[in-house]
Each structure stands twice: as structure tokens, then as C-alpha cells.
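Geometric and topological summary
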Amino acid sequence: MPHLRAADGLRLSYAQGRTTALDRAWQLEVERRRSQGTTAAFLGGAELAWDRFARRSRLDDTARRCFEALDPETAAWVRAYVDGVNAGLPAGAARDERFARTGLTLAPWEPWVPLGIWLSTHVLFTGFPTKLWRERVGRALGDEALTLFATDGPGTAGSNGWLVPGERTSTGAAIIAGDPHRFIEDPGVYQQIRLACPEFDVVGLAVPGVPGLAHFGHTGSAAWAITNAMADYQDLYVERLTRIGGPDGGHVEALGPDGAREPVARHTETITVAGADGAAPTEVEVEVLETARGPVVIDTPDQTLSLRYPARVRADLGFAALPALLRARTVADIDRAVDGWAEPVNVLHAADTEGGLLHRVAGAVPLRHPDNRLRPVPAWDARYAWRGWAEPPSEPVRGVAVMANARGIASPLGVEFAPPHRAHRIRELLGGSAEWSAPDMADVHRDTFLGSAAAVLYRLPTLTGLSPEADALRARLLGWDRHMAAGSTDATVFAALRTALVRRIAADPALAGLAGAPTGPSVFHPWLYLLPRVGHALEGLLTTALLPGLDRAAHLRAALEETAAAAAPDTAWSEVHRLAPWQALHDPEARWPGLGGDHDCVNATSSVPGVTDLTSRASAARYVWDLARREDSLWSVPLGADGVSGSAHHLDQLPLWARGDLVPVVTDWTLLTKESI
């Protein structure tokens, strides 16, 4: 893990950039190219859909605008990081054979690249394509069913976080703990790092390619952590465009909210696509349009939609908060720093050694018509224009504070939230003691109780006419402890029953209008398939009155019979519930561990019920910040500190992460081996 010391903050930012480039050159270049929409040039046609979206949504241009609007001090700090990246990339690339394998060559980073990486990482974070899905649901089932597939029952996005005040710990000082749930990537999306200079000394989790410690950090006297607030702050507008001068003409107009025609900015860009198996590259032209609402991200014969998002509107991502967080000494300092945060919108916990506590939302959410949050709205109707910005909610910490993406402090800012199971379970576990210590927190991280299983299990006793095999399986599941433990065979059988039930419900005639293949840009298709939508919304679909023709008992009975006939009773959950991380270049030789947990467990290793038991989303890091003694803090990441395959520290944390174990946060410089850079 990098521990960096420098004479001042600018030199330290340079060192962070250089070290990250030495350790993770491939990852940095992939992320830079994603923000610029140039990944197909070395990864091939599979990345073309993303590159089109990145170009059309103006990610790189928005990052440039945001950088140019930074205050001089923050801009210099970001530029120092970029200078460090540029200094370290040649040596970092020489360590990684993937550059030669793909023909990827280096080019100097522009100073706004860190902002572009931040944008491309988070632009789909709130899942605005869900509005496309809701529009489809409304057409098929009626507007009253728009939120029928809401992720409250159950959902997949999110993270855990909890703050235990000093009166409930063994030391009398607060503890902050949790874990962000993201797609697991190789290399990992968080970098354990220490940043020290005369002005500050901070440990935390950095996003590779971005300076500072945006999400999780401990300054010695204060600490902070975030989860996704599940706020809705991006809108889709239905545009009516008129092309003047023929289909390839250069003049386009849009119908504005006052009924007048407005000019639309238009230009074309060329995307290079690497050829397969040594073939020559090809070039694809993409038209980039931008109305007064925002960039046009979908333009098909059936619909034209523009995306309005805060960073594009305000030319501000809130990056000035990042160096301010490094200098924070108290909760009040943290509170002031995140006042300027923009996106993504987060729920934040903070504590300090003086007993200060903080629980608030940070980020920019526009004020607008409620329909904007639900579906695409007409650009020509003034009712749907943005009208300022919401005041981020905050609330005092009373007892244990928990953030797990469920309805709560951020409820006024969103539509769909994670189900309450993780939050309820964390509160239940933390209520079992008033003497918590940092090492105890690993037991909370590891918990595998599946609260959402009740939605299926409590219906089993009502079934009649079962075969002896199905009746025996029912008895077995009713006796199960509802833990998705790695070694549990009952967990495997329950998952098989859930899969069979999801597939049968998805095939029901009541949902036939949603069963067709998605249309439009393929980058949005993951939000538009029926089967995973049913899998994630199973809990709600089993209780809703909106589908009176859905015979739930018949589907459950048939699923139970199917599972009883096919189940392998002695298969441990970890044998089928295996990690499947995203890799820019797939490694067929990689072997990934089996895991415990499931999407509604505190140990949130998310599969897609009805589709696969493999997990690609899980804890992208785990942390425990101890405000009594920072050196008693703990953490882990899924893989390791080094992004180069085969290196000593590429996968050295994987076994302990899979078990839910944590390693100490080392703060004693005498215990470290110095490698000056």
C-alpha cells in the first residue's frame, strides 16, 4: 500500500499521481479512454456502444469545463496530480504486458482527465436509464405501474455504512465502518493509500486517476465515509428536432419550452475501432447534438432524448471539496468541505476525536416537476424546467446511525431506494452490544442473513397438492436459518427455488408486454431486460395488487416442484456463487473464489436472481475508522494494491477479503520499507 510523504500538498499530489501510474498504468489509461470515448481503438468493437455514449453525453468536454471553472488553488492541485501521472506512466506501462498486447500507446494527460474519469465512473451511477424502463412499463401496464419494479423490493445498488458513537464503544470514541458496493473490477476501483505532508496526514481509499480521498478518509482527528444517497438528479427530455438542409445537413433546431424553435449545437466525431484478429481498424462517425436541455444521448426514429445533468449545467463537480477534506481536523471542517460537493449525491457520516458527529446528504439535486424523476418529459413544456437546487438534508445522530441506501435521510431526493433489509439487520446487530471495538466490526461486515427470503418462505406453508419431494424441500427450507453462508447447502437450494420462481413470473402473460428485446443504444440495455428486473423486484411483485392476474401460488408451487426434482442437495453456496469481476481484457486463466452473502445481506455479494448465481457486484472495499486510535483502524480491498497481473501485491488481499477479514491500517513510518519516488 502506498504511504507517501512530501514537503507540501502540491508535491504530495504529484507523488500520488506518479505512484498510481507506476502501480496502475493500465487501469488509468482504460479509465482515461473511457472518459474520452476512445476505448474501441484498442479494445475492439465491444466497446463501441460506450464510446458513442461518452461522445454524445460530452463527458470529456464537461470535464474540461469543470476544470476551467475551478478556483486556482484546486486547479493547481489537480494539475500537480496529472503531472505526476504523466511522469509515472512510461515506467508503469513498461511493467504491464497488456499495453503491448493491445497496441495501446501513451499520450499525455490533459489537466481535466481526473474530472473526466470521475464523470465516466458516475454518470450512470444513479441509473437514469431506469426512466426508459419505467416508460416501457407505463406503456405496457399503465402509468399506475410505473414503479412496479422499484428496487425497494429488492434492489442492487448501494453500500453499507454505520456510525457508532463513543457511548457504545469500548474506547469511548466513535467508530465509522462500512463498505461501498460496486462492480468488482480488476484492478480494483479503490486504492488504499496514505498521504502525508506538514499540513496533513490522511489515510483512506482513493479512486485511481483522481487526486485526494473523496469518499473514505481518516485524518487522525476526524474521519468520514459515504454511501450512495439514491437521489435522482439527472433528467431525460423528449426532444422534437427539425433538420434543415437534408438528412446530413448541418443545421438542427429543437422545439423549446416557449414554443419557439431553438438552435441545436451539432458536430460529428470519428471513433476508431480496432479490427479483430489482426484486421485493419475501421472508423465510425457519430453525430453529437446538444439542445438547451443537454446532450442528445438517444436519437432513433422512435425517440430523441437529451440528458440534463448537474455537472454539465453548473460546470462543477465539487472538486474543491477534495483538498479541503484532506485538511479537515473536525466534523465542522468536513461539513463545510462537502457543502460544495456536486455529484454523485451521497449520504455522509463523519466523526472526530472531540465527540463531533455528522449525518447528512451532500450533492446537487435540481428542483423540478415530480414527473421528471419518473420518466422522460417533454422538452417543449416549461413545467419540466429546472428551478434551482434542493437543500441537502441533515439530521442529528441519535444512537447508532446507519446508511444502507434505504429510505431515510435522502428520501425527499429520490424515487427508488434499496430495500430496508440491510439497514434493519445492521441496526439489529449493533444493538447487541454497547462495547464495540474496531475488530468487532468485521462480524457485521461478514453477516449473511437474508431478510428478503421471508417474501418467498412465508408463502410456502400455504401451498397444497405437493409431491413428497417438494413437500420435503419445503420442510427443509422452512427450517433453514436464512443465512447465505458460503458453506450452506440450504442457501444453494433457496437460490435455485428463487431462480425458478423468477423465470416463471417473467414468463407470465401478465408481463408479456415487457418481454421483448430492448431497442435503442445497447449501453442502456442492462436496464431494459425483463428477467433481471423481475429478479430484483421479486419481493414487491409477490405482494403488489397491480397484477391481479398473476397466480403467485401456482408459480411458487411449480418452482418448488422444479427445484425438488433438479436440486443438488449437497452443493455449497460458494460453489455456485463465485466472483466474476470485470476485466477490460478477459483473462481465461483467472480463477476467482466462491463467496457467501447475497444482494440483500450485509455481506452484499449481488447475483442477478433468475439470470446467474455468479456475483460481479460486492464490497469494493471494507473499512473501519477508529477515532480513538487511528492505528487501530482496519480495511481491505478485493484484490490488492498493485494493478499489474502476476505482481506480488496484485491479489494478495483476495483470500482475506473473500473471508471477510480485515488488515490493520499502518501509521508508524518505522514499520514501512522506504522506496523514494
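For the structure itself, consult the block above.
Quick notes on the rules
- Residues numbered from 1 in each chain as written.
- Predicted model: local features only at pLDDT ≥ 70, side-chain atom pairs only at ≥ 80, totals over all residues.
- Heavy atoms only, no water.
- 1 Å grid on protein atoms, 1.4 Å probe; cavity = no way out; pocket = protein on both sides within 12 Å on 5 of 7 lines; lining within 4 Å.
- Points joined across faces, edges and corners; volume = space filled by probe spheres on them.
- Helix = DSSP H or I, 4+ residues; strand = E, 2+ residues; numbered from the N terminus.
- Nonpolar A, V, L, I, M, F, W, Y, C, P; charged D, E, K, R; others polar.
- Buried < 20%, exposed > 50% of the residue type's maximum accessible area, 1.4 Å probe, protein only.
- Contact = heavy atoms within 4.5 Å.
- Axes fitted to C-alpha atoms, helices over the stretch in contact; angles between N-to-C directions.
- Parallel < 35°, antiparallel > 145°, perpendicular 65-115°, else oblique.
- Left-handed = near helix turned anticlockwise from the far one by under 90°.
- Arc of directions from axis to C-beta.
- Polar contact = N/O pair within 3.5 Å; in protein donor to acceptor, adjacent residues only side chain to side chain.
- Pairing = 2+ DSSP bridges.

Moving on, we come to the layout of surface pockets. Looking at the second largest pocket, its volume works out to about 1,100 Å³. Forming the boundary of the second largest pocket are 30 residues, of which Met1, Pro2, His3, Thr673 and Glu675 lie nearest the centre. Put simply, the parts of the chain that give the lining of the second largest pocket at least two residues each are strand E1 (3–5), helix H1 (9–36) and strand E23 (663–664). Broken down by element, the lining of the second largest pocket gets its largest block of residues, six residues, from H1. Residue classes in the lining of the second largest pocket are distributed as 16 nonpolar, six polar and eight charged.

It is worth spelling out unusual backbone geometry at this point. Following Asp186, the chain continues into Pro187 via a peptide bond in cis, with omega recorded as 0 degrees. Position of Pro187 relative to the elements: it lies in the loop between strand E3 (175–183) and strand E4 (191–197). Here the phi dihedral of Asn405 falls at roughly 70 degrees; this positive angle occurs in a residue that is not glycine. In this structure, Arg482 is a non-glycine residue whose phi angle is positive, near 65 degrees. Relative to the helices and strands, Arg482 resides in the loop between helix H15 (468–478) and helix H16 (489–506).

Right, let's talk about empty space enclosed by the protein for a bit. Rolling a probe over the atoms, with the probe sized like a water molecule, indicates the empty space that remains. Per the counting criterion, the structure on display carries six cavities of 30 Å³ or more. Volume-wise, the second largest cavity comes out at about 80 Å³. Forming the boundary of the second largest cavity are Ala214, His215, Ile226, Leu322, Leu325, Val338, Trp341, Asn346, Leu348 and Ala362. Those elements that provide at least two residues to the lining of the second largest cavity are helix H10 (321–326) and strand E15 (346–352).

The subject of this paragraph is the environment of Pro208. Checked against the element boundaries, Pro208 lands in the loop between strand E5 (200–206) and strand E6 (216–218). Relative accessible area serves as the criterion here: at 4%, Pro208 is assigned to the buried category. Not counting chain neighbours up to four residues away, the residues in contact with Pro208 comprise Thr20, Arg24, Gln27, Leu28, Tyr81, Ile117, Gly188, Val189, Tyr190 and Gln191.

A separate point is the packing of H1 against helix H5 (residues 72–94). Interaxial distance between H1 and H5 falls to 6 Å at its minimum, and their mutual angle equals 40 degrees. Considering the angle they form, H1 stands oblique to H5. Here H1 runs over H5; the crossing is right-handed. Class assignment for the residues of the contact of H1 with H5 results in 15 nonpolar, eight polar and three charged.

Turning to helix H11 (residues 331–338), its buried residues are Val331, Ile334, Ala337 and Val338. Projection of H11 onto a plane perpendicular to its axis shows the buried side chains occupying an angular sector of 125 degrees, all on one side. Looking at the buried residues of H11, the elements they touch are strand E7 (222–228), H10, E15 and strand E16 (357–362).

Tracing the sequence through the fold places His445 in helix H13 (residues 441–445). The spatial distance from the C-alpha of His445 to the C-alpha of Ala641 is 21 Å, given a sequence separation of 196 residues. Every residue in contact with His445, bar those within four places of it in the chain, is listed here: Trp162, Ala177, Gly178, Asp179, Val602, Asn603, Arg622, Tyr623, Val624 and Leu662. Polar side-chain contacts of His445 include one of 2.9 Å to the backbone oxygen of Gly178.

The next subject is the sheet that holds E4. One open sheet accounts for seven strands, arranged E1-E4-E5-E6-E7-E15-E16; its pairing is mixed. Two strands lie at the open edges of the sheet, namely E1 and E16, each paired on one side alone. With strand direction ignored, the average angle separating the axes of adjacent strands in the sheet is 20 degrees. Here E5 pairs with E6 via three bridges, running antiparallel. Bridged to Gly204 within E6 is Gly217.

Here the focus is the sheet that holds strand E10 (residues 251–255). Overall, antiparallel pairing links the four strands, which are arranged E9-E10-E11-E12 in an open sheet. In this open sheet, the two strands that pair with only one neighbour each are strand E9 (241–244) and strand E12 (282–290). Neighbouring strand axes in the sheet, compared pairwise and without regard to direction, differ in orientation by 35 degrees on average. Pairing analysis gives four bridges linking E10 to strand E11 (residues 261–273), with the strands arranged antiparallel. The residue bridging Glu253 from the neighbouring strand is Pro263, located in E11. Packing of helix H3 (residues 48–56) onto the sheet brings it into contact with E11 and E12, and relative to E12 it is tilted by some 35 degrees.

Read these as layout, nothing more, since geometry by itself doesn't imply function.
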